Amino acid sequence: MTQLQSGFSTRAVHGGEARPNPYRAVTTPIVQTSTYTFESTADVRAFKEAQQSGAPQRRGEYGRYGNPTQWAAEDKIAALEGAEEALLFSSGMNAVTTALLALLSPGDHLIVTQDLYRKTRQFCNTLLQRMGIATSYVPVGDIAALEAALRPQTRLLFTELPTNPYLRVVDLERIADLVHARGARLFVDSTFATPYNLRPLEHGADLVVHSATKYLGGHNDLLAGVLVGPSSLIGPLREVQGMLGGVVDPGCAYLLLRGLKTLGLRMERHNENGLRVARFLEGQPAVAHVWYPGLPSHPDHAIATRLLRGFGGVVSFEVRGGMEGAAALIDALRVPLIGPSLGGVESLVEQPALMSHYELDPVERAAIGVTDGLVRYALGIEDADDLIADLEQALAKVLVGS
Ligand SMILES: *Cc1c(COP(=O)(O)O)cnc(C)c1O
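Computed from a predicted model, the values in this text were never measured in an experiment.

Colleague: Mind showing me how you'd approach the overall build of the protein here?
Modeller: Along the backbone of the protein there are 15 helices and 12 strands. Compactness check: the protein gives a C-alpha radius of gyration of 22 Å against a globular reference of 21 Å for 402 residues, within 12% of the reference. Of the roughly 17,000 Å² that the protein leaves accessible, carbon and sulfur atoms contribute 54%. Counting 35 positive and 43 negative side-chain charges, the protein places the averaged centre of each group 3 Å from the other.

Pasting the structure below:
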């Protein structure tokens, strides 16, 4: 294709698409096959020899080693992140766990930031620990604690950006320098930021992961994950995926390709809705506190303003009246659906104490910082005026009830 690789949405629409596509179709086809065939044994030999020489190959052999629809989605995401290569997985967790398993060995040490996706924490505390890989947790933004946690065995620092649920934003360049000085790598879960708001590789990250289930897919209709980084890292991870088998199927890769084309448009709206709703909530008597990096009251507002193009569509807030107060508010809302996840066009709302962190006892929850009255509102792309009017009527009910 000619020089169209400029702005974000131009890359979102055209990046990774073969031109011409088969049959000169506008869209990339779903190549629904589990296996691929060869013309002759000489053809098989040529394929294998090319593979062994390490030359990049975009030719199918067997579905577990990739499919053309997947490769188009990977190339589109790589173009958006400004990366050499991307690798798709069947879910975000599959991408995270495959990378951690591949990059860490028994005796190695991992540091993660404390505000963390719950299943990632569980993986570190159970399977990694059983394999002799130790994990230290450091508070986001506490550089002294990070320096103290670094050991000669530290191989990796893993952080979300922004974190879940408090939307903390680490000083990426600063921690990248610290970690690199010790010969370790920086691995960033950028699900909440998306490449529209931040490209971590440009700020010192070595490897990026997204749950593509969220903003990248964007329509609450698929599960996928993606690792993004230099080919020197992604190539070996592709080999590991071939063994572990967490591949994405062609139909899912197509839905993701389709969703990605509107990522820029959707993120503009998510960013706008996030800021407007966060500002509205901050003035409400029934709301004790709002966490949104776009608000000057957020502890990382200055870093977030420097790093991020927009602050995203997730707003977390503490409702007065604890468990019951938050539940009353959620039940009174009419626009969002009650459920986990985020990043889709439909707004979703949840109370982490009842949803993602239910199985923890209140003391453990408090230690992680998840309070009973906390609400995580994942704003969709509905009109901000409607979202705010809905919150207004729901908050009025909560105040009457208390
Ligand atoms: C959802 C999510 C994951 C896990 O992704 P799945 O696609 O659900 O497996 C990991 N990290 C963050 C920050 C998430 O929001």
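Next, the rest of the story.
Colleague: How should I be thinking about the sheet that holds strand β12 (residues 374-378) in this particular structure?
Modeller: By definition, the strands of a sheet pair up through backbone hydrogen bonds, in either a parallel or an antiparallel sense. One open sheet accounts for 5 strands, arranged β8-β9-β12-β11-β10; its pairing is mixed. Edge positions in the sheet fall to β8 (287-291) and β10 (337-338), since each has one partner strand and no second. For β10 and strand β11 (residues 348-350), the ladder comprises 2 bridges, and the chain directions are parallel. Bridge pairing in β11 places I338 opposite V349.

Colleague: Teacher, can you tell me more about the domain arrangement of the protein here?
Modeller: What the domain assignment reports for the protein is domain 1 (80-243) and domain 2 (263-401). Here the C-alpha centre of domain 2 lies 24 Å away from the C-alpha centre of domain 1. Where domain 1 abuts domain 2, roughly 3,200 Å² becomes buried across the two surfaces, and 58% of that area is made up of carbon and sulfur atoms. Our enumeration of links across domain 1 and domain 2 arrives at 3 salt bridges. Between E173 and R306 there is a salt bridge, with the nearest N and O atoms lying 3.3 Å from each other. For the side of domain 1 that touches domain 2, the secondary-structure elements that each account for two or more residues are α5 (118-130), α7 (172-181) and α8 (194-197). Residue composition of the side of domain 1 that touches domain 2, grouped by class: 16 nonpolar, 8 polar and 6 charged.

Colleague: Please explain the packing of aromatic side chains as it appears in this structure.
Modeller: Here a ring pair, both rings aromatic, is described through the centre-centre distance and the interplanar angle of the planes. Going through the model one piece at a time under the given rule, you end up with 6 aromatic pairs. Measuring from ring centre to ring centre gives 4.6 Å for Y166 and W291, while their planes differ by 65°; the resulting arrangement is edge-to-face. Of this pair, Y166 sits in the loop between β4 (154-160) and α7 while W291 sits in strand β8, and the two are 125 residues apart along the sequence. An identical accessibility class is assigned to Y166 and W291; each is buried.

Colleague: Explain the site of the ligand here, please?
Modeller: Around the ligand, the structure places 13 residues, and the nearest of them are M93, D189, S211, T213 and K214. The backbone of M93 places a nitrogen or oxygen atom 2.8 Å from an oxygen atom of the ligand. Between the ligand and the protein, one listed contact pairs a nitrogen atom with a side-chain N or O atom of D189 at 2.7 Å. Protein contacts shield 93% of the accessible area of the ligand, which totals 380 Å² for the unbound molecule. Of the residues contributing to the shell around the ligand, the split by class is 5 nonpolar, 5 polar and 3 charged.

Colleague: I'm lost on the side chain of S347 in this one. Help?
Modeller: Note on placement: S347 falls in the loop between β10 and β11. The class for S347 is buried, based on a relative accessible area of 1%. Among the polar contacts listed, one links the side chain of S347 to the backbone nitrogen of G380, at a separation of 2.7 Å. Polar side-chain contacts of S347 include one of 2.7 Å to the side chain of E382.

Colleague: Sorry, what's going on with the sheet that holds strand β6 (residues 207-211) here?
Modeller: If you trace the 7 strands from one edge of the open sheet to the other, you get β1-β7-β6-β5-β4-β2-β3, paired in mixed fashion. Of all strands in the sheet, those with a lone pairing partner are β1 (85-89) and β3 (134-138), marking the two edges. Each strand of the sheet is rotated relative to its neighbour by a mean of 20°, with strand direction disregarded. For strand β2 (residues 109-113) and β3, the ladder comprises 5 bridges, and the chain directions are parallel. By the bridge assignment, L110 is partnered in β3 with T135. Each of β1, β6 and β7 (225-229) touches helix α3 (residues 68-81); the most contacted strand, β1, lies at about 130° to it. Set on the sheet, helix α4 (residues 92-103) makes contact with β1, β2, β4, β5 (185-189), β6 and β7; between it and β6 the angle comes to about 155°.

Colleague: Can you walk me through the packing of α4 against α5 in this structure?
Modeller: To characterise two packed helices, one gives the angle between the axes of the helices and the distance between these axes. Closest axis-to-axis distance for the α4/α5 pair is 11 Å, and the angle between their directions is 35°. Classified by chirality, the crossing of α5 by α4 is right-handed. Residues M93, V96, T97, L100 and L101 of α4 form the contact with α5, whose own contacting residues are K119, T120, F123 and L128. Of the residues that constitute the contact of α4 with α5, the class distribution is 6 nonpolar, 2 polar and 1 charged.

Colleague: How should α5 be read in this particular structure?
Modeller: One full turn of an α-helix is made of 3.6 residues, so residues set three or four places apart face in the same direction. Spanning 13 residues, α5 covers 18 Å between terminal C-alpha atoms, matching the ideal 18 Å at 1.5 Å per step. Along its length, α5 reaches its greatest deviation from straightness, about 30°, at C124. Within the sequence span of α5, burial applies to R118, T120, R121, F123, C124 and L128. In this structure, the buried residues of α5 make contact with α4, β2, β3, β4 and α14 (362-368). Directly after α5, the chain includes G132, whose backbone phi takes a positive value near 80°.

Cut-offs and rules
Note that residues are indexed from 1 along each chain, following the sequence as it is written. Since the coordinates come from a predicted model, pLDDT governs what is reported: local features require at least 70, and pairs of side-chain atoms require 80 or more to be given and counted, while whole-chain, interface and lining totals use all residues. Where side-chain values are given, they derive from all heavy atoms of the structure, hydrogens and water being excluded. Every helix listed is a DSSP run of H or I at least four residues long, and every strand listed is a run of E at least two residues long, numbered separately from the N terminus. Note on method: radius of gyration uses C-alpha positions; expected globular size equals 2.2 Å times residues raised to 0.38. Here, Shrake-Rupley sampling with a 1.4 Å probe gives the accessible areas, and only protein chains in the shown set may cover a residue. His is not counted, nor are the chain ends; Lys and Arg add positive charge and Asp and Glu add negative charge. Each charge is placed at NZ for Lys, CZ for Arg, CG for Asp and CD for Glu. Strands are treated as partners if at least two bridges between them are detected by DSSP. Domain ranges listed in this record stem from an automatic or a database domain assignment. Throughout, buried area stands for the accessible area (probe radius 1.4 Å) lost by two parts on being put together, summed over both. What makes a salt bridge here is a side-chain nitrogen of Lys or Arg within 4 Å of a carboxyl oxygen of Asp or Glu, nothing more. Gly falls in the polar group here, along with every residue not listed as nonpolar (Ala, Val, Leu, Ile, Met, Phe, Trp, Tyr, Cys, Pro) or charged (Asp, Glu, Lys, Arg). Think of it this way: a Phe, Tyr or Trp ring, Trp meaning its six-membered ring, pairs with another when their centres are within 6.5 Å, and the plane angle makes it stacked under 30 degrees, edge-to-face over 60, tilted otherwise. Three exposure classes are used, based on accessible area relative to the maximum for each residue type with a 1.4 Å probe and protein chains only: buried under 20%, partly exposed in between, and exposed over 50%. We call a residue near a molecule or strand as soon as one heavy atom of that residue lies within 4 Å of the molecule or strand. Polar contact is the term for a pair of N or O atoms within 3.5 Å; when the atoms are in protein, one must be able to donate a hydrogen and the other to accept it, and sequence-neighboring residues count only if both atoms are side-chain atoms. Axes, fitted as lines to C-alpha atoms, cover a helix only where it is in contact. Angles between the N-to-C directions of the axes lie from 0 to 180 degrees. Contacts: residue pairs with any heavy atoms within 4.5 Å of one another. For a crossing to be left-handed, the near helix must be turned anticlockwise from the far one by less than a right angle; the clockwise case is right-handed. Every helix has an expected span of 1.5 Å times one less than the residues it contains. Fitting axes to the seven residues that end at a residue and to the seven that start at it, the angle between those axes gives the bend at that residue.

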